[in-house]
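One letter stands for each residue in the lines below.
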Amino acid sequence: MVGNDIVDFDETRRSSNWERRGFLQKIFTTNEQLIIDMSSDPNATVWHLWSMKESAYKVFIQAGGNRFFDPTKIECLIDSSQKGRAKINTTTFWTKTSINSKYVFSTALLNNIDIDTRIFRLNQKSSKYQSDFMHQQVIQDFAERNSLNSSEISVHKNKKGVPIIYYKNKSQNKSLSITHHGNYGAYSIIKN
């Protein structure tokens, strides 16, 4: 299973103030707050940790976990600029993160499997547009990669909000994660 999350730095500057009183304590564990405090770029580190949490949470839900909203229940550790771990209860998720001047993007996995990821620049900020655009990209790429007719492919969310790829109305049992924020969107899918 795969989870992912992207955070647009420009959008967070406009819409989120992580430096406001109580924000860090509400979202991050004591150890994560120390990582942020010791960072040479606290802003990037905040969103790095956040994207790790979101990615791991998506895998947790796919694996049958119950939804919760308490980000401090997800403990993250950054092993290197690209690799890290996120732990929910007794389960460890392996994360990989890329950071540039525009965004931070993380993926989380339960084990070492190959995934395909594509990142897109989005033309509109409407959530509906972004969701529709990302679904169309998944369908188009899945059709091309598997030599299938794209008109027979669809993406629908299950009861837990997890996106599922269907071909001829039959689930393809491919772990898929879709994310969008600000000017960027991405999807990650388990390779064949």
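This one's a predicted model, so the numbers in the text were calculated from it and none came from an experiment.

Quick notes on the rules
Residues numbered from 1 in each chain as written. Predicted model: local features only at pLDDT ≥ 70, side-chain atom pairs only at ≥ 80, totals over all residues. Heavy atoms only, no water. Pairing = 2+ DSSP bridges. Helix = DSSP H or I, 4+ residues; strand = E, 2+ residues; numbered from the N terminus. Contact = heavy atoms within 4.5 Å. Axes fitted to C-alpha atoms, helices over the stretch in contact; angles between N-to-C directions. Salt bridge = Lys/Arg side-chain N within 4 Å of Asp/Glu carboxyl O. Expected span 1.5 Å × (residues − 1). Buried < 20%, exposed > 50% of the residue type's maximum accessible area, 1.4 Å probe, protein only. Phe/Tyr/Trp six-rings, centres within 6.5 Å; stacked < 30°, edge-to-face > 60°. 1 Å grid on protein atoms, 1.4 Å probe; cavity = no way out; pocket = protein on both sides within 12 Å on 5 of 7 lines; lining within 4 Å. Points joined across faces, edges and corners; volume = space filled by probe spheres on them. Nonpolar A, V, L, I, M, F, W, Y, C, P; charged D, E, K, R; others polar.

Peer 1: Would you take a moment to explain the sheet that holds strand S9 (residues 170–171) for this structure?
Peer 2: Pairing between the strands of a sheet is mediated by backbone hydrogen bonds and can be parallel or antiparallel. Taking strand neighbours across the sheet as the criterion, the three strands line up as S7-S8-S9 in an open arrangement whose pairing is antiparallel. Across the chains shown, the open sheet's two edge strands, defined by having one partner strand only, are strand S7 (153–157) and S9. One ladder, built from two bridges, connects strand S8 (residues 163–167) with S9; its direction is antiparallel. By the bridge assignment for S9, Tyr167 is matched with Lys170. Along the sheet, helix H5 (residues 127–146) makes contact with S7 and S8, crossing S7 at roughly 140°.

Peer 1: When you look at the pattern of salt bridges in this model, what are you seeing that I'm missing?
Peer 2: Close approach of charged atoms allows side chains of opposite charge to pair. Scanning the model with the defined rule gives nine salt bridges in all. For the salt bridge of Lys128 with Asp132, the shortest nitrogen-to-oxygen distance reads 2.7 Å. Of the two residues, Lys128 and Asp132 both sit in helix H5, four residues apart, roughly one turn of that helix. What you see here is one network of salt bridges that share partners, running through Glu11, Arg14 and Lys125.

Peer 1: Sorry if this is basic, but what is going on with the sheet that holds strand S5 (residues 103–109) here?
Peer 2: Pairing in this open sheet of five strands is antiparallel, and the strands run S1-S5-S4-S3-S2 from one edge to the other. Each having just a single partner strand, strand S1 (2–8) and strand S2 (74–78) make up the two edges of the open sheet. Sheet twist, expressed as the average angle between the axes of neighbouring strands with direction ignored, equals 25°. Pairing analysis gives six bridges linking strand S3 (residues 83–88) to strand S4 (residues 91–99), with the strands arranged antiparallel.

Peer 1: Help me understand H5, please; the structure alone is not making it clear to me.
Peer 2: The periodicity of an α-helix, 3.6 residues per turn, causes residues three or four positions apart to be oriented the same way. With 20 residues, H5 ought to run about 28 Å at 1.5 Å a step, and its terminal C-alpha atoms sit 28 Å apart, in line with that. Within H5, the full set of buried residues consists of Gln130, Met134, His135, Gln137, Val138, Ile139, Asp141, Phe142 and Ala143. Elements in contact with the buried residues of H5: strand S6 (115–121), S7, S8, strand S10 (176–181) and strand S11 (184–190). Positioned one or two residues after H5, Ser147 has a phi angle of 50°, which is positive.

Peer 1: Sorry if this is basic, but what is going on with the packing of aromatic side chains here?
Peer 2: Where two aromatic rings form a pair, the distance of their centres and the angle of their planes describe that pair. Tallied over the entire structure, the rule returns seven aromatic pairs. With a centroid separation of 6.5 Å and 55° between ring planes, the pair formed by Phe23 and Trp47 is classed as tilted. Of this pair, Phe23 sits in helix H2 (residues 23–27) while Trp47 sits in helix H4 (residues 42–62), placing them 24 residues apart in sequence. For the pair formed by Phe23 and Trp47, the shared burial category is buried. Judged by centre distance (4.9 Å) and plane angle (50°), the ring pair of Tyr103 and Tyr184 falls under tilted. Here Tyr103 is found in strand S5, whereas its partner Tyr184 is found in strand S11, with 81 residues between them in sequence. Accessibility expressed as a relative area gives 10% for Tyr184, which makes it buried.

Peer 1: Can you walk me through the layout of surface pockets in this structure?
Peer 2: If a probe as big as a water molecule is rolled over the atoms, it shows which places are left empty. Estimates place the volume of the largest pocket at around 470 Å³. Counting residues per element, the ones that place at least two in the lining of the largest pocket are H4, H5 and S10. Top contributing element to the lining of the largest pocket by residue count: H4, with six residues. Here the residues of the lining of the largest pocket are counted per class, giving seven nonpolar, seven polar and six charged. In this structure, the second largest pocket spans a volume of roughly 310 Å³. When contributions to the lining of the second largest pocket are tallied by element, the ones reaching two or more residues are S3, S4 and S5.

Peer 1: Would you mind showing me how to read the pairing of S7 here?
Peer 2: Looking along a regular strand, one sees the side chains alternate between the two faces of the sheet. In the sheet, S7 pairs with S8 via five bridges, with the strands oriented antiparallel. Residue pairing across strands places Ile153 opposite Tyr167, the latter belonging to S8. Between the antiparallel neighbours S7 and S8 lie five residues, among them Gly161 with a positive phi of about 85°.

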